[in-house]
Each structure stands twice: as structure tokens, then as C-alpha cells.
Amino acid sequence: MRAYLCALAALTGSLVAASVEARPLKVMALDQCADQYALALAPDADLALSPRADDPDAWLRNAAAGRLRVRPTLEVAVAIKPDVVVRYWGGDARLLARLERDGVRVLTINDASDFDGIRANIRIVSAGLNRPDRGEALIARMDARLATAASATQPNRMAQYLTPGGFTAGPGTLIDAILLAGGFRNAARDPGFNPVSVERIALFPPARFILAFFDQPRADWRGPGRHPVVRKAAEGRVAARLPAAALTCPAWFAADAAAMIGHGK
């Protein structure tokens, strides 16, 4: 009888372990950037996405259709009990402290100023989701897009990146890396993100413009980048128009933005 009970206990334990193992990984994304990583790297997981997962400026908004979307709050996290949480900027201090105390694996997407930084992000998140092969496949896709962008480049081209709010991006930014990958030298000399005045553009119009975020009608609709003087200066000089969805997150689709620039999209 004792041997029978021991065997039964072992069998029950094996069945419970197999049941837990068979359960899909439960992943909670705390912001729109985290949504993109979760959808790309763990589409087979039990995903709880942020409320912005299907917004027009989300790269994988179509893949978010039909997925659970929740507010990134402590109360929701307690109810969902995720195995893994992915975040870029989302989650307040109270939520993050509770997740750490409960031993939940939190994967943080870091800011990236170049494509090596994006590769590191992909590897960190894919490893944390137990999907390293998917991560390497995503990196391979990004590198293929960068090769496509490089094949269309022409030497000595210069362009000014500009948003509706009148901002440009200089050295040390991912935008600068995207412009270089797309075959352009950056007209912005100052590091980081800086405003560009309407007057400067009127007096010293760049040879080419790379316009970004202009596909969002409500984005800075009265900003300097939409000023009639700027519009006139940009006539016939727009090398590419980049959609917001390609630029809202330090992710693999930054290579798609570079390919758009290289091919004049």
C-alpha cells in the first residue's frame, strides 16, 4: 500500500508539473512600446496589453486586435498575476515595487541611440520571455531591412529631420542613426533633440527634409513644423515622410524607417 501511495503521489506531482508547464506564459505589457515587443516575441503567450496597443501610432496595431487590453495598475497586476512584465516607461513606483516583492520577472526596454542598442533590447526581452530564437529572427529581419536601406544610399546627401512641433534630432539620438542608415548626413549639429525656429528654416532652408509624425493630424497642429513658411520651404525638398508608428519605440522597425528614407518614401 505504501508503495502504491508513493507511486500515486509521484504521478500526481508529474501531472501538476506538466499542467503548469503546458499553461501559456502570462505576459503583461505596461506601455505601447512593451506591447510591440510582446506581440512580436511572444504572440503565443497569454498577453495583457496596454490601452494604446491598437492606436494608430502602434507598429503592430493590427496584431493587437482581439487581445486583452488593461490599464497598467497595481490592482490589475494583482488580479492578472503575470509571469513576466515588459515595460519601457510604463508602471509607477508602487506597481514596480510590488512586482519586485512578488518575484515577478520585469523586463525593461532601454533607450537606444543606435541599432546595437536595439539588438541588445531584443535579446534581453526575448531571453526573458524564453523566446531567444524569435529574438534572433527579429534581429535578422532588422539587419535585412538595414541592408535594403544601405543599397539605396547615395553619398553626400544631407537632410534636416523635422517634427510638427518644430524639433530636430542631432548626434547621439536614434533618429541620427536612422538618417545615417538611410544614406543621409544629419543637418543638425547639436546633440540630442532641439527646437528649430521658423525664421532659421526661412533663412537657411536645408537641401532636404525628413518629416516625421506629420501623419498624426492632431499632433502639434499649430506647431512651428506646420507653419506656412516651413511648408513653403519644404516644397520639392521632402526626401521622406516617416509615420509615427516607425518612431515611437527603440525597436527593430527603426530599420523600416531607414529603408523608407533610403527609398524616398
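Residues numbered from 1 in each chain as written. Predicted model: local features only at pLDDT ≥ 70, side-chain atom pairs only at ≥ 80, totals over all residues. Heavy atoms only, no water.

Asker: Explanation requested: the packing of aromatic side chains in the structure shown.
Answerer: Two measures describe an aromatic ring pair: the distance that separates the ring centres and the angle between the ring planes. Counted by the stated rule, this structure contains 3 aromatic pairs. Ring centres 5.4 Å apart and planes at 80 degrees place the aromatic pair Tyr37 and Trp252 in the edge-to-face group. Within this pair, whereas Tyr37 is found in helix H2 (residues 32-41), its partner Trp252 is found in the loop between strand E11 (238-242) and helix H10 (254-262), the two being separated by 215 residues in sequence. Judged by relative accessible area, Trp252 falls into the buried class, the value being 3%. An aromatic cluster of three or more residues is present, and its members are Tyr37, Trp59, Trp252 and Phe253. (Phe/Tyr/Trp six-rings, centres within 6.5 Å; stacked < 30°, edge-to-face > 60°. Helix = DSSP H or I, 4+ residues; strand = E, 2+ residues; numbered from the N terminus. Buried < 20%, exposed > 50% of the residue type's maximum accessible area, 1.4 Å probe, protein only.)

Asker: Got a minute to help me understand the environment of Phe209 in this structure?
Answerer: Structurally, Phe209 can be placed in strand E10 (residues 209-212). Classification of Phe209 by relative accessible area gives buried; the value is 0%. Spatially, the C-alpha atom of Phe209 lies 7.2 Å from that of Ala240, the residues being 31 residues apart in sequence.

Asker: I'm lost on the sheet that holds E11 in this one. Help?
Answerer: One key point about sheets: their strands pair by backbone hydrogen bonds, in either a parallel or an antiparallel sense. The sheet built from 4 strands is open, its strands ordered E8-E6-E10-E11 with parallel pairing. Looking along the sheet, the strands with just one partner apiece sit at the ends: strand E8 (185-186) and E11. Relative to E11, E10 is paired through 4 bridges, and the arrangement is parallel. Looking at E11, one finds that Ile210 is bridged to Ala240. With respect to the sheet, H10 is in contact with E10 and E11, its orientation differing from that of E11 by roughly 155 degrees. (Pairing = 2+ DSSP bridges. Contact = heavy atoms within 4.5 Å. Axes fitted to C-alpha atoms, helices over the stretch in contact; angles between N-to-C directions.)

Asker: Before we go on, may I ask you to explain the state of the cysteines in this structure?
Answerer: In protein structure, a disulfide is the covalent linkage between the sulfur atoms of two cysteines. Tallying each qualifying case throughout the model produces 1 disulfide. Put simply, Cys33 and Cys249 are joined by a disulfide, and their sulfur atoms are 1.9 Å apart. Judged by the torsion about the S-S bond (50 degrees), the Cys33/Cys249 disulfide is right-handed. Within this pair, whereas Cys33 is found in helix H2, its partner Cys249 is found in the loop between E11 and H10, the two being separated by 216 residues in sequence. (Disulfide = S-S within 2.5 Å.)

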